Amino acid sequence: MADSPTPRLRYRSIVADSARWDRFVFRPGDIVISTPPKSGTTWTQMLCALLIFDGPTFPAPLEQLSPWLDMNNRPLAEVMTAYGIQEHRRFIKTHTPLDGLPLSPDVTYLVVGRDPRDIAISYEHHAANMNFAHFLALREAAVGNDDLAELPARRVLADDPVQRFWNFVGDESPGTPPTLSSVLHHLDTAWQRRRQPNVALFHFADLSVDLVGELLRLARVLGIPCSPDRARELAPEASLARMRERGGEVAPSASQGNWKDVRAFFRSGGAGEWRTRLSAADLAAYEARVAELVDPDLAAWAHRGRLASGVDPER
């Protein structure tokens, strides 16, 4: 995959700035984990770590091994140094879509989808657990806060849960929190490149129902030897319960105090919580909005994954 002739888009918010990628130098074999927020980012990082280190013992906490490169809570030089000294195969976290990233043919890009309705619910809990005032203090120390007036305002979630959902569906303004439009756009940037040999799409639903099988598929994508027996041994280490137990080691920014409760980052909410909020008419309106944004195959995969939808991005 060669660099696109189209200039990279810049994604900039209070939380992150994709321009930080301008100074990053890839190595052959690097792995970029590019996901919409609340789509299984940390889960994918954990699976990559289990394969790269062939087990659950890592040389450092996950946030140090795979910091979010774009995030404005750490100085870029510090993040660059963290990646620069690594001698193992690197796996880099980002929430920037592929049209905002430097694209290199010897780098593997993993993009993970999740039902956008589940993302909306999950983000509500994420926002409630985040110590945003502390994040702003970290941002001030890392990059300064003089630019806040230039950036899209951080949207405050509505008190009414139904209104929160419809704000997610209808809002197209940039920044945070994520919106239906931003989630589907992110996935579409990978969908358009899905047949390129270094782009692979995974889905939260597939990981949920067949973690061993998806771990094996990830190993094949990354070219890392892993037998079915070894995958069955490794998969329990990526279970929700186990990751919650290891929250201090595997939650993002755990050492920086971004979370009110680091274990709550790995909440046990399942799929489909949005059903209690939506009527049949609401669902029809939602599906009509999705149809305006993406094609039917991508819509089916984005909401149900490869196994349930029968839509295989690799074909």
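Up top is the structure these notes are about.
Read on for an overview of the structure. (Residues numbered from 1 in each chain as written. Predicted model: local features only at pLDDT ≥ 70, side-chain atom pairs only at ≥ 80, totals over all residues. Heavy atoms only, no water.)

So, on to the side chain of His203. With respect to the helices and strands, His203 occurs in strand β4 (residues 199-203). A relative accessible area of 1% places His203 in the buried class. Among the polar contacts listed, one links the side chain of His203 to the backbone nitrogen of Ala205, at a separation of 2.9 Å. If we skip the residues at most four places from it in the chain, His203 touches Val112, Gly113, Arg114, Asp115, Trp301, Ala302, His303, Arg304 and Gly305. (Helix = DSSP H or I, 4+ residues; strand = E, 2+ residues; numbered from the N terminus. Buried < 20%, exposed > 50% of the residue type's maximum accessible area, 1.4 Å probe, protein only. Polar contact = N/O pair within 3.5 Å; in protein donor to acceptor, adjacent residues only side chain to side chain. Contact = heavy atoms within 4.5 Å.)

Turning next to empty space enclosed by the protein. Going through the model one piece at a time under the given rule, you end up with two cavities of 30 Å³ or more. Its boundaries defined by the atoms lining it, the largest cavity holds a volume of some 130 Å³. Listing elements by their share of the lining of the largest cavity, those giving two or more residues are α1 (41-52) and α2 (62-65). For the lining of the largest cavity, the residue count by class is seven nonpolar, six polar and three charged. The computed volume of the second largest cavity comes to approximately 40 Å³. Residue lining of the second largest cavity: Thr44, Leu47, Phe202, Leu207, Glu214, Leu215 and Leu218, and that is the complete set. (1 Å grid on protein atoms, 1.4 Å probe; cavity = no way out; pocket = protein on both sides within 12 Å on 5 of 7 lines; lining within 4 Å. Points joined across faces, edges and corners; volume = space filled by probe spheres on them. Nonpolar A, V, L, I, M, F, W, Y, C, P; charged D, E, K, R; others polar.)

One pass over the full model with this rule turns up 11 aromatic pairs. Judged by centre distance (5.8 Å) and plane angle (80°), the rings of Phe24 and Tyr83 are edge-to-face. Separated by 59 residues along the polypeptide, Phe24 in the segment before β1 (31-34) and Tyr83 in helix α3 (residues 76-84) bring together distant segments of the chain. Note on accessibility: Phe24 and Tyr83 belong to one class, buried. Each ring, one from Phe53 and one from Phe58, has its centre 5.7 Å from the other, and the planes form 45°; the classification is tilted. A connected cluster of aromatic rings, assembled from ring pairs, spans Trp21, Phe24, Phe26 and Tyr83. Its end group placed over the ring of Phe132, Arg154 keeps NZ or CZ at 3.8 Å from the ring centre. Note that Arg246 overlies the ring of Phe58, its terminal NZ or CZ placed 5.1 Å from the centroid. (Phe/Tyr/Trp six-rings, centres within 6.5 Å; stacked < 30°, edge-to-face > 60°. Lys NZ or Arg CZ within 6 Å of the ring centre and 35° of its normal.)

For the rest of this paragraph, the subject is unusual backbone geometry. Non-glycine residue Lys38 carries a positive phi angle of around 60°. Here Lys38 lies in the loop between β1 and α1. If you check the backbone angles, Asp54 has positive phi at about 50° while not being a glycine. Relative to the elements of secondary structure, Asp54 occurs in the loop between α1 and α2.

Looking at the secondary structure, you find Asp282 in helix α13 (residues 280-293). Along the backbone, Asp282 and Val79 are 203 residues apart, and their C-alpha atoms lie at a distance of 43 Å. If sequence neighbours within four positions are ignored, Asp282 has contacts with Trp166 and Arg277.

Along β4, five of the five residues are buried, which leaves the element largely enclosed by surrounding structure. Taken together, the five bridges between strand β3 (residues 108-113) and β4 define a ladder with parallel strand orientation. In the strand pairing of β4, Val111 is matched with Leu201. (Pairing = 2+ DSSP bridges.)

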